[in-house]
Amino acid sequence: MGLNGRGRGAPFPRWDGRSAQSVDRQSIDFPGADYWVQARNFLSRTARAIRFLVIHITGGPASNEGPAINHFRSSGASAHYIVNREGSITQMVRDKDVANHVDNIHSSSNANGIGIEHVNPWNNSQRLRPTPAQYAASARLVAWLCKTYEIPAEHRPQRGTPGIRGHQEEQPRTSHNCPGPGWDWEGYMRGVRLAMTQETSFEETILSLAQDPFPPPLDDEGSNPYGW
């Protein structure tokens, strides 16, 4: 989900981690969430079948969650969770409710999925991989969601199938390359499975992701030697 921080509606103060509403344990689902900030646009449900998880990156230049949170507070887009680059997690839509993170809010993708946004610049001027803390927090969140809603802890690119996939896989016609080639699916899914079993090698797996080199710099034509 591409975010540039300029949502419609009244402006909100820049998010700085202090203006957040203190986390209300009655308002959140994931026990490891650090904040609860309600998104503007969602469909309230008493219950629903949650079949898959959709991984997003912000893509814009921001290195903190401020623009994403303000965007979800003031526009039609929303996601259930945002994971920042320090590993802090903000929940913005309850799991039982429908967020607008794929296509339109009434799509089957939104009806049956949970959207997880990651603060990660990936654009023509800056291309970064997620941080170790971000991967670790996301893996723990996804492991908990998989256990709670009996979702297979597998990367399944086919749209609508139970499992975990990226935005572009769930919505192939989107122009947003999300989560993009900077996302290490193989290592991430290994981390998710280890988090589910709480094996001691979890931290080693996360650190191995951090040691991957950043993507090569862009050339004069906006591409890189690997054809991304």
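Position labels on residues start from 1 in each chain and follow its written sequence. Local features in this predicted model are restricted to residues of pLDDT 70 or higher, and side-chain atom pairs are both shown and tallied only at a pLDDT of 80 or more, whereas totals for entire chains, interfaces and linings draw on every residue. The side-chain values count all of the structure's non-hydrogen atoms but skip hydrogen atoms and water molecules.

Draft legend 1. Geometry of the overall build of the protein chain. A tally of helices and strands in the protein chain yields six helices and eight strands. Numbering of helices and strands runs from the N terminus; a helix is a DSSP stretch of H or I covering at least four residues, while a strand is a stretch of E covering at least two. Along its sequence from the N terminus, the protein chain presents helices and strands in the succession β-β-β-α-β-β-β-α-β-α-β-α-α-α. Among the 228 residues that make up the protein chain, the fraction classed as buried is 52%. Here, two residues are considered to be in contact whenever any of their heavy atoms come within 4.5 Å of each other. Counted over contacts in the protein chain with a minimum sequence separation of 6, partners at least 24 positions apart contribute 69%. The buried label goes to any residue with under 20% of its type's maximum accessible area, the exposed label to any with over 50%, and the partly exposed label to all in between, with areas taken from a 1.4 Å probe on protein chains only.

Draft legend 2. Spatial organisation of the environment of S208. With respect to the helices and strands, S208 occurs in helix α6 (residues 202–210). S208 gets classed as partly exposed once you look at its relative accessible area, which sits at 27%. Measuring from C-alpha to C-alpha, the distance between S208 and G187 comes to 8.1 Å, with 21 residues separating the pair along the chain.

Draft legend 3. Expanded view of the pattern of salt bridges. Take a side-chain nitrogen of Lys or Arg and a carboxyl oxygen of Asp or Glu: if they are within 4 Å of each other, that pair is a salt bridge. One pass over the structure, following the stated rule, counts six salt bridges. Across the pair D97 and K96 runs a salt bridge, and its minimum N-O distance is 2.9 Å. With a shortest N-O distance of 3.0 Å, E170 and R165 are connected by a salt bridge. In this pair, the class of E170 matches that of R165, namely buried. By sharing partners, the salt bridges in this structure join R159, R165 and E170 into a single network.

Draft legend 4. Fine view of the packing of aromatic side chains. Each aromatic pair joins two rings of Phe, Tyr and Trp (for Trp, the six-membered one) with centres within 6.5 Å, and gets the label stacked for planes under 30 degrees apart, edge-to-face for over 60, and tilted for any other angle. Overall, the coordinates contain seven aromatic pairs when judged by the stated rule. Measuring from centroid to centroid gives 6.4 Å for W144 and Y149, while their planes differ by 90°, and the two rings are edge-to-face. In this structure W144 comes out as partly exposed when scored by relative accessible area, which is 23%. Considering the side-chain rings of W183 and Y188, the 4.8 Å spacing of their centres and the 70° angle between planes classify their relative orientation as edge-to-face. For the pair shown, W183 and Y188 are each scored as buried. Pairwise contacts between aromatic rings join Y135, W183, W185 and Y188 into one cluster. For a lysine, the NZ atom is tested; for an arginine, the CZ atom; a charge sits over a ring if that atom is within 6 Å of the ring centre and within 35 degrees of the ring normal. Residue placement shows R165 over the ring face of F52; its charged tip is 5.0 Å from the ring centre.

Draft legend 5. Layout of unusual backbone geometry. Cis peptide bonds are those with omega within 30 degrees of zero, and the linkage from C178 to P179 qualifies with 5°. Relative to the helices and strands, P179 resides in the loop between α4 (167–170) and α5 (185–197). With phi around 60°, D103 is a residue other than glycine that occupies positive phi space. Within the fold, D103 resides in the loop between β6 (98–99) and α2 (108–112).

Draft legend 6. Spotlight on the pairing of strand β7 (residues 113–121). The buried fraction of β7 is high, at nine of nine residues. Here β7 shows no split at all, with G113, G115, E117, V119 and P121 on one side and I114, I116, H118 and N120 on the other all buried. Note: two strands are recorded as paired if DSSP finds a minimum of 2 bridges between them. As defined by bridge partners, strand β3 (residues 52–59) adjoins β7 across seven bridges and the pair is classed as parallel. If you follow F52 over to β7, its bridge partner there is G113. Inspection of the sheet shows strand β4 (residues 81–83) paired to β7 by three bridges, in the parallel sense. Across the sheet, Y81 pairs through a bridge with I116, a residue of β7.

Keep in mind that these numbers describe shape and distance, not what the molecule does.
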